[in-house]
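Chain by chain, the residues:
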Amino acid sequence: MNVCFVANDVAPSGAFKMVAPELERRGIKTTGLVAEGKPPKFSKGDIDSAISKSDLVVLGMSAPAKNAELEIYAAKKAHELGVPYSFYGDVAGCWGRAQEGNWFYPVARNTAFYFGVRDEDGVKDVFPNAHIFATGNPVRETEAFPVMSREEARKVLGVKNDEKLIMVPGSKFVGANFSILAVLFEALDFLHSDKIRLIFCPHPGDTEIFAVDWRKILKIYEDSKTQLLNVLSSFDQLFAVLNKVFNDSELAKLQLNAYQEFLDSSPVPARVITKDILSSAQAVNGADLVVEYGSSVAFMAVYRRIPLLTLPVIAAANRCKKNNGKRETEVMEDEVTIVASADNCLNLSEDIEFLLIPNSEDAEDLLASQEKKYPLPKERGEAVRKLADAITSL
């Protein structure tokens, strides 16, 4: 049996990279065409070739629509070649991206299998001809195991023992990030605290952190405007030019740094933490509170029993509904987070204050719910095994 994996986004790419070795161990050959949230290094020709040699195609369900173009192409090519194809949904409600009006809808009816993180109503309506499996999420399972201690993370971040650290993990949707931060600023302003620190950790798929000021570049290359503008249509070519001309420190001077400029307006000391400082999986270990909406970091916080506050600002909520068919995220449905209103910053400030107090009733109740709903996995690799079992059984 030969299995071909195709994924664009970080989450499905990571899951496929984890399950492939287990399948290989069982004698199943695999081909992994995964972009890991970066510009794909594989082409449609590579997809054609891989599918023609495969017995099953397993596809990610990337978002937004522009990120899913190669996955949709692969589904159509598999159908054309008579190779059964399936989708892997890395979050609850991921199947909503195949509902009528969304980007996977044209290839939903011919889907042979759907691998989801849990049993959910509505999946069969979207994939009427598919066999449905609840396999869990291999990547999320690893999030239950810290990759850095609290003390180590806070030392790198420069947070003192008597200070409270609030972490805001970003999404790929820039508008939601700024909206959440803006509402949070308003709430923090009510607290008048000099012991709160704030960090924002951009999503790996957020291109805003790489944005550069073209005016500065064109000023440097006044005599080469035409040559430079010719490569603007290709990010690969553009980054090749920039990396050849500038070293990292010089390139940093050309970046817009919109997030840090915005954070400079925060009522408490705030900074952007990029992966060259700490990854989100490392930084979360030092946090006293995580404020998010729809981030996978929420599960890291839950497994580490860190107070979690979900802030469904309208920009993020509408995007979530478009991508997943509903505004409620898994942690909201599982009641392991405090869901705050973005419309009342005074109430939000009170929620933050109570959650930052050790052993407060609100924090204790929340942590008890986290322990009940998300017990620590008994073994590493359980989700990998379940996904591999499902694929092997086909």
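Everything numeric here is computed off the predicted structure, so don't read it as measured data.

Draft legend 1. Quick look at helix H1 (residues 10-25). Along its 16 residues, H1 runs 24 Å from first to last C-alpha, staying within 8% of the 22 Å computed at 1.5 Å per residue. Of all the positions in H1, only Pro 12, Ser 13, Gly 14, Ala 15, Phe 16, Val 19, Ala 20, Glu 22 and Leu 23 are classed as buried. The secondary structure elements touched by the buried residues of H1 are strand S1 (2-7), strand S2 (29-34), strand S3 (56-59), strand S4 (85-88), helix H5 (138-142) and helix H19 (382-392).

Draft legend 2. Geometry of the sheet that holds S1. Here we have six strands laid out as an open sheet, ordered S2-S1-S3-S4-S5-S6, and parallel in their pairing. Both outer strands of the open sheet, S2 and strand S6 (131-134), are each paired with one neighbouring strand and no more. Averaged over all neighbouring strand pairs, the angle between strand axes comes to 20°, with direction disregarded. In the sheet, strand S5 (residues 113-116) pairs with S6 via four bridges, with the strands oriented parallel. When the bridges of S6 are listed, Tyr 114 appears paired with Ile 132. Docked against the sheet, helix H2 (residues 44-52) engages S1, S2 and S3, running at close to 160° with respect to S2. The strands that H19 touches are S1, S3, S4, S5 and S6; relative to S5, the one it contacts most, it runs at about 170°.

Draft legend 3. Summary view of the pattern of salt bridges. Tallied over the entire structure, the rule returns 15 salt bridges. The closest approach of N and O atoms between Arg 26 and Glu 22, which form a salt bridge, is 2.9 Å. Under the relative-accessibility criterion, Arg 26 is labelled partly exposed at 29%. Across the pair Lys 77 and Glu 80 runs a salt bridge whose closest N-O atoms are separated by 3.2 Å. Of the two residues, Lys 77 and Glu 80 both sit in helix H3 (residues 69-81), three residues apart, roughly one turn of that helix. Exposure remark for Lys 77: the relative accessible area of 15% places this residue in the buried category. By sharing partners, the salt bridges in this structure join Glu 22, Arg 25, Arg 26, Arg 385 and Asp 389 into a single network.

Draft legend 4. Inspection of the sheet that holds strand S9 (residues 270-272) at higher detail. The parallel open sheet is built from six strands, whose spatial order is S9-S8-S7-S10-S11-S12. Looking at the sheet topology across the chains shown, the edges are occupied by S9 and strand S12 (338-339). Across two bridges, the pairing between strand S11 (residues 308-310) and S12 is parallel. Within S12, the position partnered with Thr 310 by the bridge is Val 339.

Draft legend 5. Structural detail: H19. Every buried residue of H19 is accounted for by Ala 383, Val 384, Leu 387, Ala 388, Ala 390 and Ile 391. Taken around the axis of H19, the buried residues stretch over an arc of 160°, which confines them to a single face.

Rules used in this analysis
- Residues numbered from 1 in each chain as written.
- Predicted model: local features only at pLDDT ≥ 70, side-chain atom pairs only at ≥ 80, totals over all residues.
- Heavy atoms only, no water.
- Helix = DSSP H or I, 4+ residues; strand = E, 2+ residues; numbered from the N terminus.
- Expected span 1.5 Å × (residues − 1).
- Buried < 20%, exposed > 50% of the residue type's maximum accessible area, 1.4 Å probe, protein only.
- Contact = heavy atoms within 4.5 Å.
- Pairing = 2+ DSSP bridges.
- Axes fitted to C-alpha atoms, helices over the stretch in contact; angles between N-to-C directions.
- Salt bridge = Lys/Arg side-chain N within 4 Å of Asp/Glu carboxyl O.
- Arc of directions from axis to C-beta.

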